[in-house]
Amino acid sequence: MLTVLALIVAALAALAVPAVALRRAGLVHAATAVLCALGLLTALAGLIAGGDRVSLALPFGLPWTGMVLAVDPLSLWFLLIVFVSGTAASVYALDDPPAPERAGAILTPYPVFLAAMALTLLAGDGFTLLLGFELMSLASWALVLARPEDPESRRAGALYLGMAGLGGACLIPVFGLLAAPGVDLRFDAIRAAPPEGLAAMAVMALTVIGAGSKAGLAPLHVWLPLAHPAAPSHVSALMSAAMTKVALYVLIRILFDLAGPTAPIWWSAPLLVLGAASAVLGALRANLETDTKVVLACSTVENIGLIAVALGLALAFRATDQGPVAALALSAGLLHALNHGFIKTLLFLGAGAIQHGGGSRVLDRLGGLANRMPWTTAGVLIAAASAASLPPLNGFAGEWLLLQSVLAAPRVGLLAFQIAVALVAALLALAVALAAAAMVRLVGVALLGRPRTPRAAGAMEVSRPARLAMAGLAVGCVVAGLLPGPLLVLLEPATRMLVNGGIAANAGWLVIRPGIGQPGYAPLLMMALLLAVCVGIAWLLRRHAPAGVLRGPAWACGFIAPPPHLPFGDPASQYGAGSMAQPLRRMLAPAVAAREVVDMPRPGETRPARHVAIWSDPAWTYLFIPLMRLRDLGADRADILRGFTIRRTLALVFATLVLLLAIIALWEQR
Amino acid sequence: MRLFGAVVVQLLHVALMFAAAPLLIGLIRTAKARLLGRRGPPPWQPYRDLLRLFAKRPVIADSATPLFRAAPWVALAATAAAIALVPSFAGGMLFGRAADLLVIAGLLGLARVAQALAALDAGTAFGGLGASREMAFAAFAEPALLLSVLIFAMLVGTTNLDAIAAVFRDVPPGLRVSLGLVAIAVLAVAVAENARIPVDNPATHLELTMVHEAGLLEYSGPDLALWDFQAALKLLLWLSLIGALFVPFGMAPAGSTPLAWIGGLIAWAAKVGVLALGLAAFEVSIAKMRVFRVTEFLGAALLLALLAAVFLFVSTGLA
């Protein structure tokens with residue numbers, strides 16, 4: 001199995017070479033789709049077989065240890081996420097070729113990106129993991145820069161490269177600290193000698209920063225709403241649904257596995273705090289942004305926050321020896337990771353379809369697409385309902401487990417931890433409700449209502465492969481929502497390995513339970529109830545049904561009939577992106593420094609009055625802008641060096657040399 | 001035999017809920033009219049309204065999509081599924097093991113989202129007002145609700161409504177400060193969720209109250225009847241839920257005889273009746289608040305629930 005997966009990775013990576021020469025988008029995407037589907041089946045088969053850890057040493061790589069590949073249930077689970085997303089994205093792109101002049105810029109890095117994600121998950125030593133991780137960053141950076149002529153794209157690329165650099169700068173020292181004696185980076189060797197004391201603390205902090213920045217944990221999430229939308233839609237889907245999960249995999253691999261089984265309880269604190277902050281901030285921003293793909297990227301930040309909270313709870317439960325509850329929390333996180341993979345891939349592909357069919361990504365230029373794009377609408381509606389965590393879809397199953405593990409958290413017994421968890425619970429509920437509001441806004445403004453532009457009024461449905469990809473993912477959302485039990489059984493080996501507990505005994509085909517013998521959540525029963533009610537009421541009303549319906553202009557307490565030059569009425573006389581956001585923007589104004597400015601013309605001026613709503617992400621205001629100021633200040637100060645005469649420059653070099661020699665001398669003396 | 005009893009109780013419960021929901025609305029309207037010195041319509045007026053609406057031919061906006069017709073069905077199905085889980089006169093119903101509080105909240109969320117989307121569907125300003133405010137209020141109601149569930153999960157060890165009601169009925173928890181605070185929080189959430197005064201005014205649908213009714217402005221005929229029926233079911237659900245959580249006394253235990261059901265029925269009717277009269281009295285004695293004051297109203301509920309949680313942590317920590 002590992003050999004098959006390794007071959008798939010190699011084939012994906014090798015595909016980049018003919019992609020340069022061929023420039024045939026259909027062929028490249030068909031090949032990646034087939035390879036990803038094969039990988040998906042292999043990973044699924046591996047999970048069903050429930051095998052142990054298998055590793056494979058390759059004869060190249062680091063000279064003293066070589067390159068080690070390994071799979072275990074955890075990496076298989078994440079491979080499943082990557083390949084589900086990869087298959088759907090590739091199928092979607094089959095009939096959507098990029099412009100010829102950009103073909104190379106997209107087709108070459110695309111298979112490499114997929115291969116790098118899989119390589120990171122298959123890594124059995126620190127070097128391979130870092131190689132895959134950095135290759136993944138680099139390939140996706142190339143895809144973000146697919147439109148270099150666009151200044152927004154360039155800005156996103158620059159910020160993304162900086163954040164990827166930060167991630168690398170944090171993760172490389174992590175493996176330096178983790179390395180077993182003799183600079184042995186193999187995971188088996190690291191597990192045998194886990195870090196202790198200060199080194200363990202540094203590993204934890206650096207991992208949370210390094211992997212967290214890649215996953216989109218606040219406050220290092222600011223690059224995500226810029227970079228993810230800049231790429232082509234199917235790549236955005238991969239970046240949001242799969243790449244963030246690979247970063248979470250690295251986090252789990254290091255914190256739960258490599259750092260040893262004895263993490264203290266306070267290790268959960270950063271994950272809980274940052275996770276809750278990301279969840280609320282991401283969901284709130286998803287309500288304020290005006291671009292469909294940016295809204296989706298912000299929703300990713302929210303979901304990553306939810307998963308991080310689940311991971312933090314699992315760490316806390318493991319530290320207090322509560323295996324079953326730790327397994328509950330970890331299962332919630334892992335299940336939600338898969339579910340979010342389905343949801344976000346579908347939503348991004350839907351956003352791509354909307355951009356393709358409706359001609360824009362901006363919410364206020366869309367509207368009324370539901371009548372002209374029924375397939376896309378159905379897909380986006382299912383994914384949005386799932387992202388709004390509505391039963392019986394898959395988003396609800398994961399969030400139900402997560403909330404159950406939050407509700408079990410007071411059992412830990414520390415008063416400070418209990419109060420913190422109560423606050424986290426309130427924030428999670430806020431985030432979930434905000435996410436529902438964001439999804440209502442996205443669907444309501446983009447797909448429902450009246451068209452806001454002529455282009456939206458003439459929207460067309462997307463091609464057949466794109467529809468197929470969306471339909472497949474929608475089926476996945478529904479099936480994963482109705483049958484969360486079997487999925488929990490599949491991921492049990494992973495939780496057993498990491499927190500020494502599993503919840504397979506509580507996960508049946510019909511019901512999933514938070515604990516043995518407890519009542520639980522029965523998604524199939526809920527679905528049956530919903531259908532039964534509809535059928536029952538329709539049967540009760542069968543005599544009353546009046547003949548047909550009458551169509552007429554909207555009522556709205558006296559809407560005037562549309563004038564001839566505006567066949568759909570004045571598009572501005574309905575709610576748009578800004579007006580839908582207004583209540584939440586005002587109610588939660590302190591969180592995003594929102595204010596409204598009325599700019600009135602003075603008497604005699606002919607310009608119109610303007611009402612402007614301003615808000616800003618606190619991570620920009622309080623972290624990034626001060627940091628950038630500091631950087632500029634440093635650069636200004638360092639500028640003095642350029643004015644130095646040759647004598648002073650030489651003196652500076654000499655002084656530096658003496659200083660370094662002195663340090664080395666002192667170090668040797670110690 | 002026990003299973004048969006559970007099936008019968010479940011069926012009777014659903015039939016009772018469907019039959020009683022319009023009466024509840026009628027009773028509250030009559031009580032409010034009497035308190036205001038008017039005679040008001042008879043309590044069974046909502047049945048007449050529903051029948052009249054069901055017989056009419058609906059008029060639908062040109063810009064509406066198929067979702068417009070589907071939404072009331074989804075919302076009604078979700079609300080009815082939720083109410084099938086909330087015990088009324090007897091515990092141990094067929095679906096009792098599935099009556100999870102978070103699932104009930106999720107089903108109500110499904111109904112809310114269906115309504116908000118339907119409101120946006122025709123593309124009118126009123127609908128947008130209603131949808132955006134409804135979703136914004138929910139963002140403040142949900143945290144208070146989840147913290148209340150946290151309290152029950154700590155006290156009973158499960159989030160299953162049937163189990164919570166059974167435990168509290170058999171072993172009354174006594175007067176706990178936490179439960180008192182949670183009761184206030186849940187009442188506030190119920191008022192907001194059902195679009196009652198002071199959050200919203202169910203009697204009008206114009207400028208002053210542009211939340212729930214504003215979203216239904218485009219509906220007519222049978223679709224409107226479905227929405228009205230859904231709103232009635234939702235109110236009954238919340239009153240039954242509050243009864244089952246805080247005063248489960250008198251409810252017939254699982255596997256009891258039909259004679260005990262009658263006792264349970266009387267107790268349930270008394271509980272819902274008192275709550276309905278209380279709601280009517282509360283509504284006539286208070287003015288509707290400004291939209292942006294609702295944040296403070298629900299924020300206070302959230303703080304009370306948080307305070308209740310802290311009290312509970314401290315008291316269990318000391319014990």
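This one's a predicted model, so the numbers in the text were calculated from it and none came from an experiment.

Re the overall build of chain B
- What chain B contains, in helices and strands, is 11 helices and 1 strand.
- In terms of C-alpha radius of gyration, chain B reaches 20 Å, essentially the compact-globule figure of 20 Å for 319 residues.
- Oriented by its inertia axes, the alpha-carbon framework of chain B measures out at about 60 × 45 × 45 Å.
- Within chain B, contacts between residues at least 6 apart in sequence are counted, and of these 80% link residues at least 24 apart.
- Counting only carbon and sulfur atoms, one obtains 72% of the accessible surface of chain B, whose full area is about 11,600 Å².
- Each charge sign in chain B was given a centre, from 22 positive and 17 negative side chains, and these centres are 8 Å apart.

Some details on the overall build of chain A
- When its secondary structure is counted, chain A shows 26 helices and 5 strands.
- A compact globule built from 670 residues should have a C-alpha radius of gyration of about 26 Å, and chain A, at 26 Å, falls within 12% of that.
- With 670 residues in all, chain A has 57% of them scored as buried.
- Long-range pairs, those at least 24 residues apart, make up 78% of the contacts in chain A with a sequence separation of at least 6.
- When the accessible surface of chain A is split by element, carbon and sulfur atoms take 69% of a total near 26,100 Å².
- For chain A, the centre of its 44 positive side-chain charges and the centre of its 31 negative side-chain charges are spaced 7 Å apart.

Comments concerning the interface of chain B and chain A
- On the side of chain A, 70 residues touch chain B, which itself brings 82 residues to the contact.
- Put simply, chain B and chain A have 17 residue pairs in polar contact (both at pLDDT 80 or more) between them.
- Every element with two or more residues in the side of chain B that touches chain A is listed here: helix H2 (45–54), strand E1 (59–61), helix H3 (66–83), helix H4 (101–121), helix H5 (125–156), helix H9 (221–246) and helix H11 (294–318) of chain B.
- With 21 residues, H5(B) is the largest single contributor of residues to the side of chain B that touches chain A.
- In the side of chain B that touches chain A, the residues fall into 59 nonpolar, 13 polar and 10 charged.
- Here strand E3 (residues 550–552) of chain A runs beside E1(B); their pairing, made up of 3 bridges, is parallel. Residue pairing across strands places Gly552(A) opposite Ala61(B), the latter belonging to E1(B).

A word on the domain arrangement of chain A
Residues and elements named next belong to chain A.
- Considered domain by domain, chain A is made up of domain 1 (1–191 + 233–252), domain 2 (341–500 + 507–531) and domain 3 (618–668).
- One C-alpha centre belongs to domain 1, the other to domain 2, and the line joining them spans 25 Å.
- Taken together, the contact between domain 1 and domain 2 spans 28 residues of the former and 24 residues of the latter.
- Taken over both partners, the interface formed by domain 1 and domain 2 buries close to 2,000 Å², and the fraction arising from carbon and sulfur atoms is 77%.
- Joining domain 1 to domain 2, the criterion identifies 0 salt bridges.
- Run the count over domain 1 and domain 2 and you get 3 residue pairs in polar contact (both at pLDDT 80 or more).
- Among the elements of the structure, helix H3 (25–49), helix H4 (73–93) and helix H12 (233–258) are those that each provide at least two residues to the side of domain 1 that touches domain 2.
- The greatest single-element share of the side of domain 1 that touches domain 2, amounting to 10 residues, is contributed by H4.

Let's talk about the side chain of Thr377(A)
- Summarising the element assignment, Thr377(A) is placed in helix H16 (residues 374–387).
- Aside from chain neighbours lying at most four places away, what touches Thr377(A) is Leu369(A), Ala370(A) and Leu447(A).

Notes on the packing of H12(A) against helix H14 (residues 292–319) of chain A
Residues and elements named next belong to chain A.
- As a packed pair, H12 and H14 sit with axes 11 Å apart at the nearest point and diverge in direction by 15°. It follows that H12 is roughly parallel to H14 by the angle criterion. Crossing hand, H12 versus H14: right-handed. Listed contacts from H14 to Ser 233, Ser 236, Ser 240, Thr 244, Lys 245, Leu 248, Leu 251, Ile 252, Leu 255 and Phe 256 of H12 are Lys 293, Ala 297, Thr 300, Ile 304, Ile 307, Leu 311, Ala 314, Leu 315 and Arg 318.
- The residue inventory of the contact of H12 with H14, partitioned by class, reads 11 nonpolar, 5 polar and 3 charged.

Concerning helix H18 (residues 415–446) of chain A
- With 32 residues, H18(A) extends 46 Å from end C-alpha to end C-alpha; this agrees with the ideal 46 Å at 1.5 Å per step.
- Among the 32 residues of H18(A), 26 are classified as buried, and the element is accordingly described as predominantly covered.

Description of the environment of Gly26(B)
Residue and element names in this part refer to chain B.
- Mapping Gly 26 onto the fold places it in helix H1 (residues 2–35).
- Taking the C-alpha atoms as reference points, Gly 26 and Gly 157, 131 residues apart in sequence, are found 38 Å from one another.
- Excluding residues within four positions of it along the chain, Gly 26 makes contact with Pro 43 and Pro 46.

Digging into the nonpolar core
Residue and element names in this part refer to chain A.
- Within the largest apolar cluster, 353 residues are counted, with the highest numbers of intra-cluster contacts made by Trp 77, Met 117, Phe 175, Phe 256 and Leu 313.
- Considering every element that reaches this core, the biggest residue donor is H18, with 21 residues.
- In contact with Phe 256, not counting residues within four places along its chain, are Leu 251, Leu 311, Ala 314, Leu 315, Arg 318, Leu 330, Leu 498 and Val 499.

Describing the packing of aromatic side chains
Residues and elements named next belong to chain B.
- Applying the stated criterion to the full structure yields 12 aromatic pairs over all chains.
- Ring centres of Phe 68 and Tyr 219 lie 4.1 Å apart, and the angle between their planes is 5°; this geometry places the pair in the stacked category. One end of the pair, Phe 68, is in helix H3; the other, Tyr 219, is in the loop between helix H8 (212–215) and H9, with 151 residues separating them in the sequence.
- Seen in terms of ring centroids, Tyr 219 and Trp 227 are 5.7 Å apart; in terms of plane orientation they differ by 70°. Their pairing is edge-to-face.

Focus: a nonpolar patch on the surface
- Residues Leu198(A), Met201(A) and Trp266(A) make up a contiguous nonpolar surface patch of roughly 340 Å² in combined accessible area.
- Tracing the backbone shows Trp266(A) in the loop between H12 and helix H13 (268–288).

Side note on the pattern of salt bridges
- Tallied over the full model, the rule gives 26 salt bridges over all chains.
- Its salt-bridge partner being Arg191(A), residue Asp188(A) comes within 3.0 Å of it at the nearest N-O pair. Of the two residues, Asp188(A) and Arg191(A) both sit in helix H9 (residues 187–192), 3 residues apart, roughly one turn of that helix.
- Residue Asp188(A) is classed as partly exposed on the basis of its relative accessible area, which comes to 47%.
- Here Asp49(B) ties to Arg52(B) by a salt bridge, and the two come within 3.5 Å at their closest N and O atoms. Here the residue Asp49(B) and the residue Arg52(B) both occupy positions in helix H2, the gap between them amounting to 3 residues, near one helical turn.
- In this structure Arg52(B) comes out as partly exposed when scored by relative accessible area, which is 45%.
- Connected via shared salt-bridge partners are Arg53(A), Asp72(A), Asp188(A), Arg191(A), Arg253(A) and Asp257(A).

Focus: unusual backbone geometry
- Following Pro391(A), the chain continues into Pro392(A) via a peptide bond in cis, with omega recorded as 0°.
- That bond from Ile197(B) to Pro198(B) is cis: its omega, 10°, falls within 30 degrees of zero.
- Secondary-structure assignment places Pro198(B) in the loop between helix H7 (177–193) and H8.
- Phi at Ala593(A) takes a positive value of approximately 50°, unusual for a residue other than glycine.

Things to note about H7(B)
Residue and element names in this part refer to chain B.
- Taking 1.5 Å per residue as the helical rise, H7 with its 17 residues ought to reach 24 Å, and the 24 Å between its terminal C-alpha atoms agrees with that figure.
- A large share of H7 lies buried, amounting to 13 of its 17 residues.
- Where H7 terminates, the next one or two residues include Ala 195, which has phi positive at roughly 55°.

What counts, and where the lines are drawn
Residues numbered from 1 in each chain as written. Chains lettered and ligands numbered in written order. Predicted model: local features only at pLDDT ≥ 70, side-chain atom pairs only at ≥ 80, totals over all residues. Heavy atoms only, no water. Helix = DSSP H or I, 4+ residues; strand = E, 2+ residues; numbered from the N terminus. Rg over C-alpha atoms; globule rule 2.2 N^0.38 Å. Contact = heavy atoms within 4.5 Å. Areas by Shrake-Rupley, 256 points an atom, 1.4 Å probe, with all protein chains shown as cover. Lys, Arg positive; Asp, Glu negative; His and termini not counted. Charge placed at Lys NZ, Arg CZ, Asp CG, Glu CD. Buried < 20%, exposed > 50% of the residue type's maximum accessible area, 1.4 Å probe, protein only. Polar contact = N/O pair within 3.5 Å; in protein donor to acceptor, adjacent residues only side chain to side chain. Nonpolar A, V, L, I, M, F, W, Y, C, P; charged D, E, K, R; others polar. Pairing = 2+ DSSP bridges. Domains from an automatic or database assignment. Buried area = accessible area lost by both parts, 1.4 Å probe. Salt bridge = Lys/Arg side-chain N within 4 Å of Asp/Glu carboxyl O. Axes fitted to C-alpha atoms, helices over the stretch in contact; angles between N-to-C directions. Parallel < 35°, antiparallel > 145°, perpendicular 65-115°, else oblique. Left-handed = near helix turned anticlockwise from the far one by under 90°. Expected span 1.5 Å × (residues − 1). Core = buried A, V, L, I, M, F, W, Y, C linked by side-chain atoms within 4.5 Å. Phe/Tyr/Trp six-rings, centres within 6.5 Å; stacked < 30°, edge-to-face > 60°. Patch = residues over 30% accessible without salt bridge, like charges linked within 9 Å, V, L, I, M, F, W, Y side chains within 5 Å.

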